[in-house]
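Below, each chain spelled out in residue letters.
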Amino acid sequence: MTHDGALTSGPDGRWLPLPGWRGADGLRALVTHPGPLVSETVHALLERGLEVSVATDTPDAEVRDLAGRGLVTVVPTTGAELDQVDLVVRDRAGLAPEETAASLTTASTPPGEVVLVGGGPGSTGLLTLDGAEALRTADVVVYDRLAPLGALDLAPASAERVPVGKIPRGEFTPQEVINEVLVSRSLQGRRVVRLKGGDSFVFGRGGEEWLACAAAGVPVRVVPGVTSAVAVPGLAGIPVTHRDVTPGFVVVSGHVGPDDPRNTVDWAALAASGLTIVVLMGVSTLGSIARRLVEHGLPGTTPAAVVADGAMPSQRSVRGDLLTIAAAADEAGICAPAVAVIGRTVGVLDQVETGPA
Ligand code: SAH
């Protein structure tokens, strides 16, 4: 059974469900000819409940990353049996057509605007209603890899879609180039949505984009997002605060480890704070962070957890204590994106007391 075309992408890259298409729980999709938009294609299918395979003999970094996170299965093109899947999808063939910038740029063109939209941690369901509305009226969407890629379909078919995301330790678009894209497009009088994962102002460089727009005289506004720092632990049943357990929580970046001079976190103060410690971008530095906290007196038995791919079908988590968590995460094959939580709120919801029978 092949519903070829039940869900297809138009020439402009927008998904076009055919009449009668009612979602796809449990159905299998095969993405053929994976191209530069393979992540967008795969996430759109996952959001519709499909199991996704990608047919390629030479998986690129993007496909390897999707497979490594358990979001897709990679099959060789010769072994891809079309009659064993329910939907065959050709990868979206490329970006939406380039805008005719020259025709739009005139001295009298009023500036458009830039809306910094926090998209939440990965699934469209966690995008705010304001964020969805901004997408619906966008002329341009500039988006990161950790943004809820399924939400791109909310933008009009005619909207230009500009991916600027980065694979951890892989290719990325320099921030100056992103700023330039935002400013130049909005100065053409277009409504630009800058769609990011989580909240734009939590390790999202939203402040830099705001300043670049303000310096260029472009109106800029913010639609806050659900930050992964709180939502991802929450999705795994870990509150970041709990009455009588912790007086609060703190969010730190593990992008560089505590031994790196660029890391200016006061680990001694953190270890003594009694706060729940949430670490973003810390998969590879978690071991050294844990060691540093223990050196400063935080007990090695402090509960800890790592939650990866929050709000995605591949969400998984590992629990342990401060001394063991990095090795346990490593053993479980946890990779970015993941949030680490250190503190006594980890496990606090496990202690369910049952009343008298
Ligand atoms: N602005 C974002 C954070 C950007 S830094 C926010 O507010 O959530 C990127 C880091 O966020 C990742 O390295 C990871 O630590 C975390 N992250 C983002 N999305 C995530 C997800 N779906 N699951 C787990 N961690 C996530």
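Nothing here was measured: the structure is a model prediction, and the numbers come from that model. (Residues numbered from 1 in each chain as written. Predicted model: local features only at pLDDT ≥ 70, side-chain atom pairs only at ≥ 80, totals over all residues. Heavy atoms only, no water.)

Trainee: Any chance you could explain the confidence of the model for the protein here in plain terms?
Mentor: Note: predicted coordinates in regions of low pLDDT should not be interpreted at a detailed level. Scored by pLDDT, the protein has a mean of 86; 83% of the residues are at 70 or more. Throughout residues 1-22 the model reports pLDDT below 50, and contacts reaching past four residues in sequence, or to other chains, amount to 53 contacts. Across residues 93-108, where pLDDT falls below 50, the model places 19 contacts with residues more than four positions away in sequence or in other chains. (pLDDT = per-residue confidence, 0-100. Contact = heavy atoms within 4.5 Å.)

Trainee: Would you explain the site of the ligand in this entry?
Mentor: Not every one of the 19 residues close to the ligand is listed here, only the nearest: P121, V202, T227, S228 and A338. One of the side-chain N or O atoms of S228 is found 2.6 Å from an oxygen atom in the ligand. Between the ligand and the protein, one listed contact pairs an oxygen atom with a backbone N or O atom of M281 at 2.9 Å. Considered on its own, the ligand offers 540 Å² of accessible surface; in the complex 93% of this is hidden by protein. Among the elements of the structure, α7 (228-235) and β16 (338-342) are those that each provide at least two residues to the shell around the ligand. Grouping the constituent residues of the shell around the ligand by class yields 12 nonpolar, 5 polar and 2 charged. Taken domain by domain, the makeup of the shell around the ligand includes at least three residues from each of domain 2 (109-226) and domain 3 (229-349). (Near = heavy atom within 4 Å. Polar contact = N/O pair within 3.5 Å; in protein donor to acceptor, adjacent residues only side chain to side chain. Areas by Shrake-Rupley, 256 points an atom, 1.4 Å probe, with all protein chains shown as cover. Helix = DSSP H or I, 4+ residues; strand = E, 2+ residues; numbered from the N terminus. Nonpolar A, V, L, I, M, F, W, Y, C, P; charged D, E, K, R; others polar. Domains from an automatic or database assignment.)

Trainee: Mind showing me how you'd approach the side chain of T285 here?
Mentor: Looking at the element boundaries, T285 is found in the loop between β13 (276-280) and α9 (286-295). Here the side chain of T285 touches G254 through a polar contact of 2.7 Å, landing on its backbone oxygen.

Trainee: Looking at this structure, I do not really get the sheet that holds β16. What am I missing?
Mentor: Strands pair in a sheet through their backbones, by hydrogen bonds, and they do so in one of two ways: parallel or antiparallel. Across the sheet, which stays open at both edges, the 5 strands sit in the order β12-β13-β16-β14-β15 with mixed pairing between neighbours. Of all the strands in the sheet, just β12 (249-253) and β15 (316-321) have a single pairing partner and so form its edges. Taking each pair of neighbouring strands and ignoring which way they run, the sheet shows an average axis angle of 20°. Sheet analysis places strand β14 (residues 303-308) next to β15, joined by 6 bridges and oriented antiparallel. Its bridge partner lying in β15, A305 is registered against R319. This element, α7, spans β12, β13, β14 and β16 of the sheet and lies at about 80° to β16. (Pairing = 2+ DSSP bridges. Axes fitted to C-alpha atoms, helices over the stretch in contact; angles between N-to-C directions.)

Trainee: Would you mind going over the sheet that holds strand β11 (residues 220-223) with me for this structure?
Mentor: Taken in spatial order, the 5 strands make up an open sheet running β9-β8-β10-β7-β11, and their pairing is parallel. Every other strand in the sheet has two partners, leaving β9 (160-163) and β11 as the edge strands with one partner each. Direction aside, neighbouring strands of the sheet carry axes that sit 20° apart on average. When strand β7 (residues 113-118) meets strand β10 (residues 191-196), the two strands line up parallel, connected through 6 bridges. Residue pairing in the sheet places E113 in a bridge with R191 of β10.

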